[in-house]
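For reference, the chains in residue letters:
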Amino acid sequence: MNYTELQVTTNFSFLQGASHPEELVEQAAIYGYKEIGITDRNSFAGIVRAHVAAKEKGMSIIPGCRLDLSDGPALLAYPTTKNAYGQLSALLTVGNLRAEKGECHLYKAEVYDYSKGTKFIVVPPPLLNNVFEFESSFEKALKEYRDIFGTHLYMAASRRYNVNDSK
């Protein structure tokens, strides 16, 4: 199978992910995945445990995180170099220092400043009334992201598992 799940959230993303990184790697191995992308919310917290578990299974981890922004749509961020990983870590530190423990406040302009060497996937807004209702604010942000990130920007697609998914 040549499928790679790029948005795997561990239990380190409190109230978002439920499974330990090791459990997620185990399940991915059962499915025959060769790699998975770990993207905890505004954190790299699950990466190390996932990496250790993946190494034991002959898999690899794509390190990343989900940036939940205060002024724009969420982005999945994947550093492509050690320097980019350091920049993304510095960005997370900036957001954590201005917030209470367990929170991280990040803004688009800061992401732009720390974006060199990172690939991004924009996460569409949630479904409203079982259809995507792309508001003009999302479309505006999407154009802005495209202008800033260029060929380093992609759009996420995911199955929602709603009652009308077969339609």
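Predicted model, so just to flag it, every value in this text is computed and none were measured.

Visitor: Even after reading the chapter, I still don't get the nonpolar core, so can you show me in this structure?
Guide: Soluble globular proteins tend to pack their nonpolar side chains together in the buried interior. Judged by nonpolar contacts, the single largest core of 32 residues is most densely connected at Ile36, Leu67 and Leu75. Looking at this core element by element, the count peaks at 4 residues for helix H2 (residues 47–57). Once residues lying within four places of it in the same chain are set aside, the contact partners of Leu75 are Cys65, Arg66, Leu67, Leu69, Val111, Phe120, Ile121, Val122, Tyr145, Phe149 and Leu153. Ranked by size, the runner-up nonpolar core spans 6 residues in total, among them Ala74, Tyr78, Ile121 and Val123.

Visitor: What is the right way to read the pattern of salt bridges from this model?
Guide: When charged atoms on two side chains of opposite charge get close, those side chains can pair. Under the criterion given, the structure shown has 5 salt bridges. Here Glu26 ties to Lys57 by a salt bridge, and the two come within 2.8 Å at their closest N and O atoms. Separated by 31 residues along the polypeptide, Glu26 in helix H1 (residues 21–30) and Lys57 in helix H2 bring together distant segments of the chain. Notably, a salt bridge pairs Lys108 with Glu144, separated by 3.1 Å at the nearest N-O pair. Within this pair, whereas Lys108 is found in helix H4 (residues 108–113), its partner Glu144 is found in helix H5 (residues 136–149), the two being separated by 36 residues in sequence. The exposure class of Lys108 is buried, given its relative accessible area of 13%.

Visitor: Help me out: how do you make sense of the environment of Ile62 in this one?
Guide: Within the secondary structure layout, Ile62 lies in strand E3 (residues 60–67). For Ile62, a relative accessible area of 21% gives the class partly exposed. Ignoring anything within four residues of it in the chain, the contact list for Ile62 reads Thr4, Leu6, Glu35, Ile36, Gly37, Ile38 and Tyr78.

Visitor: What is the right way to read the packing of aromatic side chains from this model?
Guide: What characterises a pair of aromatic rings is the spacing of the ring centres plus the angle enclosed by the ring planes. All told, the structure shown has 7 aromatic pairs when counted by the stated rule. Aromatic pair Tyr145 and Phe149: ring centres 5.9 Å apart, planes at 40 degrees, arrangement tilted. Taken together, the residues span about one helical turn, with Tyr145 and Phe149 both in helix H5 at a distance of 4 residues.

Visitor: Sorry if this is basic, but what is going on with the sheet that holds strand E2 (residues 35–41) here?
Guide: What links the strands of a sheet is backbone hydrogen bonding, and the strands pair in either a parallel or an antiparallel sense. Read from one edge to the other, the open sheet built from 6 strands follows the order E1-E2-E3-E4-E5-E6, with strand pairing classed as mixed. Of all the strands in the sheet, just strand E1 (5–8) and strand E6 (153–155) have a single pairing partner and so form its edges. Each strand axis lies, on average, 30 degrees off the axis of its neighbour in the sheet, ignoring direction. Sheet topology places E1 next to E2; 2 bridges connect them, and they run parallel. The residue bridging Val8 from the neighbouring strand is Ile38, located in E2.

Conventions used here
Residues numbered from 1 in each chain as written. Predicted model: local features only at pLDDT ≥ 70, side-chain atom pairs only at ≥ 80, totals over all residues. Heavy atoms only, no water. Core = buried A, V, L, I, M, F, W, Y, C linked by side-chain atoms within 4.5 Å. Buried < 20%, exposed > 50% of the residue type's maximum accessible area, 1.4 Å probe, protein only. Helix = DSSP H or I, 4+ residues; strand = E, 2+ residues; numbered from the N terminus. Contact = heavy atoms within 4.5 Å. Salt bridge = Lys/Arg side-chain N within 4 Å of Asp/Glu carboxyl O. Phe/Tyr/Trp six-rings, centres within 6.5 Å; stacked < 30°, edge-to-face > 60°. Pairing = 2+ DSSP bridges. Axes fitted to C-alpha atoms, helices over the stretch in contact; angles between N-to-C directions.

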